[in-house]
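# Structure at a glance
The chain contents come next:
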Amino acid sequence: MSQVTLDTTLPPNSISVTCTAPVNIAVIKYWGKRDTKLILPINSSLSGTIDQGSMRSKTTIIASKDFEKDEMTLNGKIENITSSKRLNAVLELIRSRAEDLVDAEGKVLIKKEDWPAYKIRVVSENNFPTAAGLASSASGFACFTSCLATLFSFKEKFDGELSSIARQGSGSACRSLYGGWVKWVMGEHVDGSDSYAVQVADEKHWPEMRVLILVAHGGQKEVPSTSGMETSVLTSPLLAYRAKEIVEPRMKAMEEAILKKDFASFAEITMKDSNQFHATCLDTYPPIFYMNQTSKRIIHIIHALNDLAAKQGLPPVAAYTYDAGPNAVIYTLEENMEKLLALFNSLFKPTGSTEEWIADPMGLSFVGKNVAAPEIPKEWVEAAGSIREDEKVYNVFVSQVGPGPIITEKKNSF
Ligand code: DP6
């Protein structure tokens with residue numbers, strides 16, 4: 001489909017809101033629904049919110065009486081809001097809860113009962129390549145939801161209500177409504193009213209935490225999360241066991257590790273949970289393989305470094321986690337991040353400059369600054385071993401834990 005641009009100049013008597021929202025990376029994975037329509041999970045989950053300085057979705061929504069229908073473009077392509085069940089569900093849930101639009105002086109610009117006459121125009125984009133297999137539905141739906149909520153003056157009746165709406169766009173999106181460390185409580189009610197996101201700690205709580213995203217996706221087709229988890233629920237006894245026995249105690253231990261900033265426990269639980277999620281994929285029939293040879297190599301490297309640290313009486317260097325694709329997300333602390341980045345650079349960077357290969361827009365590392373990369377410990381180089389031809393990392397993103405959605409602009413032409 002050709003690229004299109006919607007006209008975003010404000011017609012008279014209209015309002016426009018722009019919002020940005022973050023990606024999140026789960027350390028306790030969500031996989032499996034007990035209700036596919038309401039998007040209710042079979043287990044709770046927990047994630048870190050990735051700083052929008054490195055990756056984000058951005059959405060502008062204009063509401064006007066002049067528009068004939070609701071319209072949307074996503075990364076320059078037309079999306080049919082009304083025929084997308086999920087976009088439509090989120091839009092109608094918020095639209096039906098619209099309140100009076102009031103200006104700073106208290107003057108009512110749009111009365112609650114007049115909203116049905118307004119149609120919307122949505123322009124949404126990600127600043128990271130969707131083709132790289134980086135989860136964009138979480139940030140995209142979190143952004144769409146937050147933007148609509150501000151536009152329609154939506155007021156939460158309970159904490160987390162808005163996240164329960166974002167959840168109906170994409171499950172993991174509910175966790176992107178908050179910054180820092182966020183859990184999605186599975187809830188038990190059949191109507192989903194108690195299945196929403198709760199912030200465990202904000203983005204300032206563990207400032208030393210860093211996140212490296214290693215893109216190992218070579219453009220291959222993967223099983224989408226939605227259909228993959230559906231098959232897993234139907235066929236994997238391991239997934240049922242995980243949901244029943246493993247996740248709840250793990251959630252408690254993870255929350256405690258985060259609150260105490262206990263990196264050793266955090267890292268162990270993160271890696272075990274990623275491994276178990278991928279084991280349930282293998283236990284799915286037919287099996288689903290999300291990790292590739294590069295993913296496995298990175299797992300071996302991280303364990304080799306962590307074993308070395310353990311021998312020296314040190315906490316682990318890093319933790320890996322993988323979503324429904326081969327990209328590695330590495331959680332590590334500031335003290336080890338640059339050395340780790342330099343190691344990955346020496347192992348995986350193809351010909352070309354480090355600045356092209358590593359994106360560090362927040363300036364968290366040596367990349368892009370006129371400084372030398374830190375020396376990589378000799379034992380690390382030995383422990384990591386050598387890389388095979390087919391083990392490729394195409395790009396690296398450097399980030400940290402950051403805030404939730406941000407309303408960046410609000411204007412009207414009344
Ligand atoms: C592996 O939220 O994309 O990233 O609810 O069907 O939209 P839907 O699925 P989605 O699944 C994400 C799965 C995961 C793990 C996680 O983020 O917890």
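Residues numbered from 1 in each chain as written. Predicted model: local features only at pLDDT ≥ 70, side-chain atom pairs only at ≥ 80, totals over all residues. Heavy atoms only, no water.

## A look at the overall build of the protein
- Regarding its fold elements, the protein presents 10 helices and 19 strands.
- Against the compact-globule benchmark of 22 Å for 414 residues, the protein has a radius of gyration of 22 Å, which places it among compact chains.
- In terms of its C-alpha atoms, the protein occupies a principal-axis envelope of roughly 70 × 50 × 40 Å.
- Taking all 414 residues of the protein together, 53% fall into the buried category.
- Considering only contacts in the protein between residues 6 or more positions apart, those separated by 24 or more positions represent 77%. (Helix = DSSP H or I, 4+ residues; strand = E, 2+ residues; numbered from the N terminus. Rg over C-alpha atoms; globule rule 2.2 N^0.38 Å. Buried < 20%, exposed > 50% of the residue type's maximum accessible area, 1.4 Å probe, protein only. Contact = heavy atoms within 4.5 Å.)

## Some points on the nonpolar core
- One finds W181, F266, I330 and Y331 to be the most contacted residues of the largest nonpolar core, which totals 66 residues.
- Among the elements that line this core, the one with the most residues is helix α8 (residues 334-348), at 8 residues.
- Judged by nonpolar contacts, the second largest core, of 35 residues, contains M72, I94, L109 and W115. (Core = buried A, V, L, I, M, F, W, Y, C linked by side-chain atoms within 4.5 Å.)

## Some details on the side chain of S176
- With respect to the secondary-structure elements, S176 resides in the loop between α3 (161-166) and β12 (181-184).
- Owing to a relative accessible area of 0%, S176 belongs among the buried residues under this scheme.
- Within the structure, S176 has its side chain in polar contact with the side chain of N24 (distance 2.9 Å).
- When near neighbours in sequence (up to four residues on either side) are disregarded, S176 contacts P22, V23, N24, A138, S139, A142, G404 and P405. (Polar contact = N/O pair within 3.5 Å; in protein donor to acceptor, adjacent residues only side chain to side chain.)

## Overview of the sheet that holds strand β6 (residues 57-64)
- Across the sheet, which stays open at both edges, the 6 strands sit in the order β8-β7-β11-β6-β1-β19 with mixed pairing between neighbours. Looking at the sheet topology across the chains shown, the edges are occupied by β8 (77-79) and β19 (406-412). Each strand axis lies, on average, 15 degrees off the axis of its neighbour in the sheet, ignoring direction.
- The pairing of strand β1 (residues 15-21) with β19 spans 6 bridges and is antiparallel. The residue bridging I15 from the neighbouring strand is N412, located in β19. (Pairing = 2+ DSSP bridges. Axes fitted to C-alpha atoms, helices over the stretch in contact; angles between N-to-C directions.)

## Thoughts on the packing of aromatic side chains
- Taken as a whole and judged by the stated rule, the model has 16 aromatic pairs.
- Where W31 meets F277, the ring centres are 4.7 Å apart and the plane angle is 55 degrees; that geometry is what we call tilted. A residue pair is termed long-range when its members are at least 10 positions apart, and W31 in the loop between β2 (24-28) and β3 (33-35) and F277 in helix α6 (residues 263-283) qualify at 246 residues.
- Take F277: its relative accessible area is 2%, and that puts it in the buried class.
- A ring pair is formed by W115 and F152, whose centres lie 4.8 Å apart and whose planes are at 70 degrees; its orientation type is edge-to-face. Of this pair, W115 sits in the loop between β10 (108-110) and β11 (119-126) while F152 sits in the loop between α2 (137-151) and α3, and the two are 37 residues apart along the sequence. Per residue, the accessibility class of W115 equals that of F152, and both read buried.
- Members of the aromatic cluster, connected to one another through ring pairs, are W181, W206, F263, F266 and Y331.
- The ring centre of F67 lies 4.0 Å from the NZ or CZ of R121, which sits over that ring. (Phe/Tyr/Trp six-rings, centres within 6.5 Å; stacked < 30°, edge-to-face > 60°. Lys NZ or Arg CZ within 6 Å of the ring centre and 35° of its normal.)

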